[in-house]
Structures are given as structure tokens and as C-alpha cells.
Amino acid sequence: MIQDSGQVRRQGAQDFWGYYEVACARQESVPLPAVKANLHKHMLDFNGDRLKLPDWQPVLASISINKHLQHIAISSTYQASVALREAERRLHRSTIRRKIPAIRSKDVTFKLCKALRDCLSVSSNLRTLQLHGLPLRERDLIMLTKGLAKSDSLENFSLANCPIMDEGLEVICQSVMYSTSIKWVDFSGCSLTWRGAEHMANIVKHQGLQRHGTAWAESLRYRLPRFEQMLGLRRLTLNSNSLIGDRGAVSLARELAEDLWVKAVDLQRCGLSNEGARRLLEALKTNSSLCVLDIRNNPLVDKPLVRTIIERVLMNPDAQSSEYSWIKPASPEPQRACGPKRRLLLNSTREKSTSKTKVADKKTSLKEQNSSVAHTQRSCYRSSGVPWRAAARAERQRALPPGVTVSAQKLQAAASVKITLESDSGREDDEDEEKEEEPVVVEVNHRPSPVSVRDRKFEHIQVELKECRLMLAEEKRARLQAESHIMKCEVENTRLRDANRSLLKSLAAAGCTSGPAAVSVLEDEAIIESIENSFTKFHAFLDLLKDAGLGQLASMAGIDNSDFQCLGKPQLSSTLFPNNSNGAATPNGGAKTGTGSLDGGAALEGSQTCCRTWP
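Here we summarise the structure given alongside this text. All of these numbers come straight from a predicted model, not from anything done at the bench.

Looking at the overall build of the chain
From N to C terminus, the chain includes 20 helices and 11 strands. Of all 615 residues assigned to the chain, the portion counted as buried reaches 30%. Restricting the contact set of the chain to residue pairs at least 6 apart, pairs at least 24 apart contribute 75%. With an accessible surface of roughly 40800 Å², the chain has 54% of that area assigned to carbon and sulfur atoms.

A word on the nonpolar core
Of all hydrophobic cores here, the largest spans 81 residues; its most connected members are L159, F187 and M200. If one sorts the elements of this core by residue count, helix α6 (residues 106-122) sits on top with 7 residues. The residues contacting L159, other than those within four sequence positions of it, are L131, L136, L141, I164, I172, D186, F187, S188 and C190.

Description of the pattern of salt bridges
One pass over the full model with this rule turns up 7 salt bridges. Note that D294 is salt-bridged to R296, the shortest N-O span being 2.8 Å. A residue is classified by how much of its surface remains accessible, and D294, at 0% relative accessible area, is buried. A salt bridge links R501 to D498, with the shortest nitrogen-to-oxygen separation between them at 3.1 Å. Taken as a pair, R501 and D498 lie in helix α15 (residues 450-510) at a separation of 3 residues, close to a single helical turn. Take R501: its relative accessible area is 43%, and that puts it in the partly exposed class. For D498, a relative accessible area of 42% gives the class partly exposed.

Quick notes on the environment of A253
Within the secondary structure layout, A253 lies in helix α10 (residues 245-256). When the C-alpha atoms of A253 and E282 are compared, they prove to be 8.0 Å apart, with 29 residues separating the residues in sequence. Sequence-distant contacts of A253, that is, excluding residues within four places in its chain, are made with R279, L280 and A283.

Structural notes on unusual backbone geometry
In this structure, H42 is a non-glycine residue whose phi angle is positive, near 60°. As for its position among the elements, H42 is in the loop between α3 (33-36) and β1 (43-47). Although it is not a glycine, N161 adopts a positive phi angle of roughly 65°. Following the sequence through the fold, N161 ends up in the loop between β4 (156-158) and α8 (165-176).

Rules and cut-offs
- Residues numbered from 1 in each chain as written.
- Predicted model: local features only at pLDDT ≥ 70, side-chain atom pairs only at ≥ 80, totals over all residues.
- Heavy atoms only, no water.
- Helix = DSSP H or I, 4+ residues; strand = E, 2+ residues; numbered from the N terminus.
- Buried < 20%, exposed > 50% of the residue type's maximum accessible area, 1.4 Å probe, protein only.
- Contact = heavy atoms within 4.5 Å.
- Areas by Shrake-Rupley, 256 points an atom, 1.4 Å probe, with all protein chains shown as cover.
- Core = buried A, V, L, I, M, F, W, Y, C linked by side-chain atoms within 4.5 Å.
- Salt bridge = Lys/Arg side-chain N within 4 Å of Asp/Glu carboxyl O.

These values are about where atoms sit, not about what they do.
Structure follows, in C-alpha cells:
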């Protein structure tokens, strides 16, 4: 084969169909319409059973270099028809063995996984990868995990109905655990046991620890962590793995109890019983982030317990999110065996003949009854002058289908109501026979069923929940306002402290800090009064010295004569000695010697007492 030129490969990376046509032309094959079906939506979705071995080479070459596809889905619905072979072996008939599709061979699956690895490594647009019903071996999964580890854009990864078992899931988990882009993994019908559930629980635990570290880093400096924008798994789908059982449910419940990021877990038809369901219900007491916890279609779980879990999940804040919807349970239809269609005609002619006779007899009787009833109705309507079809429409009850009429007149007083149902059936194409209307009387009791009471309670709980959420929102709003007010007060307090500090510094620099203290000391009346008293006593002492004739001592001490008199105060000599016995007192000490001596001794005694009382 001629090697591809660089320009053709670069163009083929952005144009899948163009490169696919070139690859088909090189090996002289025709492009398949099934491959082209959804390429206009940037989707590659086809059934691998329809491709033969030569058709796979152009498809794999186009996938390995592609960079613009957003969705790749390859499925296989081939199943071995063991039961049909046993039935044919009993009838001793020759069987025609159907050719096994090329997608079931190990070489094609390995090449497919290799091409997907290359696509995941180079593509930044691939969002979804679905491989359904493919027999992937261990080496295929190892090759696929290398691409998953390099992809930064893949969000949905599904291996539904691929029998990888616990060993294969362990290989896949090695890359899913460290992937930051994958949000949804689907391992439905992969023959997993409780060990596979433990592998998924380990992924939840590991990614939860990483997210807690990221949340702590984002919460620094008073920031709020954004949980919804954190990367990692959001949904686990493990439906149709009947060997998971209660042990696997316990492992998942243990990790989901403290997780804040996983939003949906699907466990339909996983062999759960009441014990595992109760453990999941206990996990919901501490987990308020789950939007979906689906344990339906587990026969060993009681229906009231399933209903309780669903109601508990719906009470979570994000339960009404449209991003995570509940998966519709698969209808229990028997699987169709692939292979040549063979009809075992055993007494078929007899059964058909007997059934035809019975149906004919029954229909003739019904025709007779209905014709008589219709004739009476038409006659009544014709007599009244109203077309019988319009009259029939007018008599139809409101909120009832066209074939339903109520026989009771007063619904409120009656304990039960009889409703006549006229069931219409279709026509048979093979026999060209019509089935007439058959009246059926059904008695309906107008009593409140326990289901309706439960629904009312649930509605009442929902109303209370809404009220509580409104109260919580108001409380949060009030708390935010209070916190903002506190912050404003703290800022104002800080500003006032800074202003006060600056004023104190300016006063200290100007030397005004000691002024108020001195003024306060001088203004103290008690201190002023004590100073005045001390000066009065000192002047009295000087007067005593002068009266005693010791004025020379005061002049020698440098005291002026003007200091001997206190303003507004009389001399102590006139006060102490107002009258003399021998005559008027003389300013020089008296007329007589004896009197002068007495006066000098009294003066000395007075000066001594004054000196003792001097403060």
C-alpha cells in the first residue's frame, strides 16, 4: 500500500468521510453508508456486525488520525443461538451455522483499540466513547487505557455489555482513577461482582481526597470553593451486574456517605436485598449531593424501601437537576437469537382452525347484541329530532374517554360508582374480521387509597421543604448583611484609632503633653491655699524678729524692710501687746528695762514656737 502523504493526512484529520473514501479507493472497496449515517453531526455510530473483515481497514485508518469527531459509538449485537440449536437437534434437522462477524475476532478488537488509542491521544474534541457488546480481552483494555490516560477531552466512557469482568475493570480503573475529564462511566452488563464495586468505590475515595485538597486550596483568603467546577467522576452506572450484591452496595455506601461530588449512581438489577438498600439509605443521611440513586428492578428489595430511598434522594437540593436524569428501566423482553429463522409447524393448522371457529361464534353473538342496542338508540334520537352521533357526543361525560359512561347520578353520596367501559380493538389483517365493542362494568370505590394519602404527605413535605429553603435563604441574606455591617464598623474603628494615634504624635512633637498637667496643678485650690498660709506664717515670723529687735539679722540675710509687713495684715506687736501696764509701748522695746527684758524673752519664745510650727 502506498504511504499516505502528509497533506492528505492533515486534511483527513479534519474530514473523516474524505479520508475514509480515499482509504477505500486505495484498497478498491466501496464506502459503506452505515459509516456515513451520522457524520454530519460529528458522530461515528454504527453496528460492527455489518462490517466484513476487509471493510475494517479504512475505518480504523480514518479513526486513528481523526481530530474532529465528538462521538464514537461501535456496537455488536451478535449472540450465540444455543437454545435454537438444541431445539433443532431434537427435531433432527440440519442447521446452517451463521458466520461469525469480524468484530468478534481478537485481531480486529486489538486493532480497533489501537486506533482508538491514537485518536484519544491526538483529538481534543472527542467527548463520548461507547463500545457496546464487544468481546474485549485484557490486551485490548491495556491498549485502550493508554489512550484514556492521554485524553483531556473525554467525558463519557461506556463499555456496556462488554464481558470484561472484575479483572478487566481493574485495568480500566488504573486510568479512570487519575483522569480529570471523565465524568460518566457505564459498565452495565459487564459481568462484575462485588470486587468490581470495590474498584469503583476506590476510585470515588481517591478522587474525593484530591477534591478535598483542591477545595481547601480554593478556600484560602476567605474564598468559597466551587464544587461544581471541580473535575472528576459524577455518575457511576453499574446496571445489570447481578453479582454485585449487598457486599458491593456496602462498599459503595461507605464511600458515598462522605462524598460531595458524585451526583448519580445506577444499580438496577444488581442483586441487592434489603440489607444493601438500608446501607445506602444510611449513606443518604450524610450525603446531600446525590441527585440519582437508582436501585429499581431488584426483586429482593421491598418496594416501600425503594420508594423511601427515592423520596429521600428527591429531597436533596440538586435532585431536580436536568443534567442527571433517571435511566428508564429496560423492558424484560426475551433476547432474540441470531441465526436463520425456522418455523416449527407443530399442529399449527389445528390450532388456527379451532381459534377461528371460537372467534367467529363469539363475534356473531356480540354483533347481534350491539345491533339491537344501536337500533334502539338511533330510534330514540330520531324521535327527538337530534342526530344520534351529535347526541352521543353531548351525553359524553367530562374527563372520561369516548367509550366510558357513568351510571350513577350522584357521585358524592354514593360509596361506589359503576363505570361502563366499551373497549374497542383493532382489525386483523390476515383474517379481515372486525371485533365489535364489548361492554365491561367496573366498580370504582371512592375511598382514599394509601397511595393517595402518601402522595399528599409527600406533597406536604415538599411544601415544608420549600418554606425551609426560603427561610434558609433569608437567614443567609441577613447574615451577609450583618457581616458587611460588622466589616464597616471595624474599618471605621481602625480609621479612628489611626487618627487618634496621629494626634498624640503631633502633640508630643509640639511639647504640649506637659501643659495640661501643669495647669491642672496650679489650678488646684488646696495647693494655692497652703502656699498662702506658708507665706503668712513667714511674714509673721519676720514681724516677730523685728519686734524682738533682731531686724539686723533679717537685713544681713538680704531681706528688705518692705517684706516685714504683709498687705492687709496688722503688725504682730500691736496685736500681741495692745496695752502696756506702765504706759504706751515704744517701738524700740518699751520704757523700762524690766519690761523690755520680759518682752524680749516673750519674743524669743514666740520665735521658737514659730520656728517649730514652720512647715
